[in-house]
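Residues per chain are reported as follows:
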Amino acid sequence: MSETQDYMVRAIAANQEIRAFAVTSKNLVEEARRAHGTAPVCTAALGRTMSGALMMSGMLKDKDSVLTLQFSGDGPIGGITVTADNNGNVKGFVQNPLVVLPLKEDGHLDVGQAVGKGTLTVIRDMDKDHTYNGQVAIHSGEIADDLTHYFAESEQVPSVVGLGVLVDTDYSVKHAGGFIIQLMPFATEETISRLENNMKDVGYVTEMLDAGFSPEDMLTRVLDGFDVEITQTLPVQFHCNCSRDRVERALKLLGKAELDSIIEEGHETELACHFCGKKYQFSVDEIRGLRAELKNS
Ligand SMILES: [Zn+2]
């Protein structure tokens, strides 16, 4: 992988007692930041969630499965929605992208305060007939911590999640990425205590990324002393699958009365995709055309 391409690795260690994921996501988080014009704390919240969602989508078995993370908290950010598929595509947005909060005492962006208290919902769409939802209370709103609690409470999988986004002085994304380490049910006491020991020295993800660590390097650090085998390397990117056709279908779902009132207003309608900010324009005639496609009832 070239240095500029974001990518994710998947690994096993300790006779498969451990499965692990790590990702670098600087470019895709920067693309999301530009698409939504997010302020630093929102860039961090969205970037951490996107990095986590990508790794969690890597846990899905079926080829076309999609994973969505929804943070609905009472903080000023108003909510975070991120969707990732298991081909390395991710998209997402925050409700209020312009939130500005004082830094925490340790100098970090206060993502927990921005997110607030509420619920984290994990939605896995396996195919069009099978959707699995899991919901837990938001623990701290710091995202990595919340995903750790989700795995423990909802899936009974002991996990270590580290996520980080470093925002530069010009508000662009300097570094982004993270890792997820999971213990399988048959993990030995020796494996567990070595991992616990390792975690004491790991430090922040942003520090590792700032030191030039790749996803493989992060796993080598976190899984120090284990035999780590990388089993998959996957390029990851910001990608939205919205289209004019999908927006037209959404417009039709508004129903006849709503479309009639748009037509009466008599001016062009513009709709923006929540996930990527792409704008779609519809003339009054085009709205009339969509209205005509709806059956009278
Ligand atoms: Zn879009």
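Check the entry above for the structure.
Residues numbered from 1 in each chain as written. Predicted model: local features only at pLDDT ≥ 70, side-chain atom pairs only at ≥ 80, totals over all residues. Heavy atoms only, no water.

Colleague: Run through the sheet that holds strand E10 (residues 228-235), naming residues and quoting values.
Modeller: One open sheet holds the five strands; their spatial order is E8-E9-E2-E1-E10, and the pairing between them is antiparallel. Pairing within the sheet leaves two strands with one partner each, and these edge strands are strand E8 (159-167) and E10. Direction aside, the axes of adjacent strands within the sheet are offset by 10° on average. Pairing of strand E1 (residues 7-13) with E10 involves seven bridges; the strand directions are antiparallel. Paired with Met 8 across the bridge in E10 is Leu 234. (Pairing = 2+ DSSP bridges. Helix = DSSP H or I, 4+ residues; strand = E, 2+ residues; numbered from the N terminus. Axes fitted to C-alpha atoms, helices over the stretch in contact; angles between N-to-C directions.)

Colleague: Would you mind going over the coordination of the zinc ion in detail, with residue names and values included?
Modeller: Looking at the metal site, the zinc ion is ligated by Cys 240 (SG), Cys 242 (SG), Cys 273 (SG) and Cys 276 (SG), spaced 2.2 to 2.3 Å from it. One can describe the site at the zinc ion as tetrahedral: its four donor atoms subtend angles covering 104 to 114° at the metal. Coordination of the zinc ion draws on donor residues from a single chain, spaced C-x1-C-x30-C-x2-C in sequence. Separated by 33 residues along the polypeptide, Cys 240 in the loop between strand E11 (237-238) and helix H8 (244-253) and Cys 273 in the loop between strand E12 (269-272) and strand E13 (279-282) bring together distant segments of the chain. Looking at Cys 240, the relative accessible area reads 16%, which means it is buried. (Donors = N, O, S within 2.8 Å, 3.2 Å for Na, K, Ca; no water. Tetrahedral: all angles 85-135°; square planar, octahedral: opposite > 155°, others 65-115°. Buried < 20%, exposed > 50% of the residue type's maximum accessible area, 1.4 Å probe, protein only.)

Colleague: I'd love a proper account of the packing of H8 against helix H10 (residues 284-293), names of residues and values included.
Modeller: For any two helices packed against each other, the geometry comes down to the angle between their axes and how far apart the axes lie. Remark: H8 packs on H10, axes separated minimally by 10 Å, with the N-to-C direction vectors making an angle of 65°. Our pair here, H8 against H10, has a crossing hand that is right-handed. Across the interface between the two elements, Arg 244, Glu 248, Leu 251 and Lys 252 of H8 pack against Glu 286, Ile 287, Leu 290 and Glu 293 of H10. Looking at side-chain class alone, the contact of H8 with H10 contains three nonpolar, no polar and five charged residues. (Left-handed = near helix turned anticlockwise from the far one by under 90°. Contact = heavy atoms within 4.5 Å. Nonpolar A, V, L, I, M, F, W, Y, C, P; charged D, E, K, R; others polar.)

Colleague: Lay out helix H9 (residues 256-265) in plain terms, naming residues and giving numbers.
Modeller: Among the residues making up H9, those that are buried are Lys 256, Leu 259, Ile 262 and Ile 263. Each buried residue of H9 lies within a common arc of 125° when the element is viewed along its axis, so the set occupies one face. Of the residues in H9, the exposed ones pointing more than 90 degrees away from the buried face are Ala 257, Glu 264 and Glu 265. On the buried face of H9, the contacting elements are H8, E12 and H10. Immediately downstream of H9, the backbone of Gly 266 shows phi near 75°, a positive value. (Arc of directions from axis to C-beta.)

Colleague: Describe the sheet that holds strand E4 (residues 80-85), listing the residues and the values that go with them.
Modeller: Sheet architecture is open: six strands sit in the order E7-E6-E3-E4-E5-E11, paired in mixed fashion. A strand with exactly one partner marks an edge of an open sheet, and here the two such strands are strand E7 (130-137) and E11. Summarising the sheet, E4 and strand E5 (residues 89-94) pair through five bridges and their orientation is antiparallel. Note that in E5 the partner of Ala 84 across the bridge is Val 90. Against the sheet, helix H2 (residues 40-57) contacts strand E3 (66-73), E4, E5, strand E6 (118-127) and E11, and its axis sits at roughly 30° relative to E4.

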